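Secondary and tertiary structure notes
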Amino acid sequence: PGPDVSGGGGGSASKDDDTIITSIDNNNNTNPNPLSTLHSLLNLKNHLTTTRSILAAASSWDETINSIPKLLSSSSSTNNGQPNLIEAVAALSKLEQGARALQGMPEGQTERTAAISKLRTQLEVLLKPQLLHALKKMETRLGPLQQCVGMYGTLGKMDVMREEYVRMRPGEVISLWFSFGGHAATTIG
């Protein structure tokens, strides 16, 4: 073989590119099957889509994770001094999607998992009082309860919401029972 004229200093990347180009040329010359070409293009599209999602997740990770503490801060002026839980849950969901896209990356997996776990715990702690308040006021206002349902759904914690709902109902049912005239039942026993 002659001298390397690729300008790459004998690097393997240019040899790999040459191999790919030669392979494509050979496929085009020996196999003019359009189905094979479409299959190759579909594979290329899938790889590029995966690459794009990985790059998008990597590029937005820092900005998203740094935005959550501000959203959880009660000094936020955008939400009347209350934590903006709806946007914080959406940001956590975006982080979780990004972590799934970055799952095969060699560095940072442990840190990403720990950060998501910590933020998830914080959100669940902040969300519980809002859920309890919404459950107490659901007779007059369904909006806050609908927001809680949406956030718990996004977090994948509908079971927690159902448990709180069931826990709240017996107290109300018992108090309604006794206010209706169940006092006579207590004097019989």
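Residues numbered from 1 in each chain as written. Predicted model: local features only at pLDDT ≥ 70, side-chain atom pairs only at ≥ 80, totals over all residues. Heavy atoms only, no water.

Glancing now at the confidence of the model for the protein. Averaged over every residue, the pLDDT of the protein is 77; residues scoring 70 or more account for 73%. The element-level mean pLDDT for the protein is lowest in helix H7 (residues 183-188), coming to 47, with helix H3 (residues 85-101) highest at 91. Of the regions scoring below 50 in pLDDT, residues 184-189 engages in 1 contact with residues more than four places distant in sequence or in other chains. (pLDDT = per-residue confidence, 0-100. Helix = DSSP H or I, 4+ residues; strand = E, 2+ residues; numbered from the N terminus. Contact = heavy atoms within 4.5 Å.)

Here the structure, examined in full by the defined rule, presents 5 salt bridges. Of the charged contacts, one joins Arg-120 and Glu-124 as a salt bridge, the two residues approaching to 3.7 Å between their closest N and O atoms. Within this pair, Arg-120 and its partner Glu-124 are both found in helix H4 (residues 109-136), separated by 4 residues, close to a single helical turn. Between Arg-167 and Glu-164 there is a salt bridge, with the nearest N and O atoms lying 2.6 Å from each other. Taken as a pair, Arg-167 and Glu-164 lie in helix H6 (residues 158-180) at a separation of 3 residues, close to a single helical turn. Each of the salt bridges in this network shares a partner with another, and the network as a whole consists of Glu-96, Arg-120, Glu-124 and Lys-157. (Salt bridge = Lys/Arg side-chain N within 4 Å of Asp/Glu carboxyl O.)

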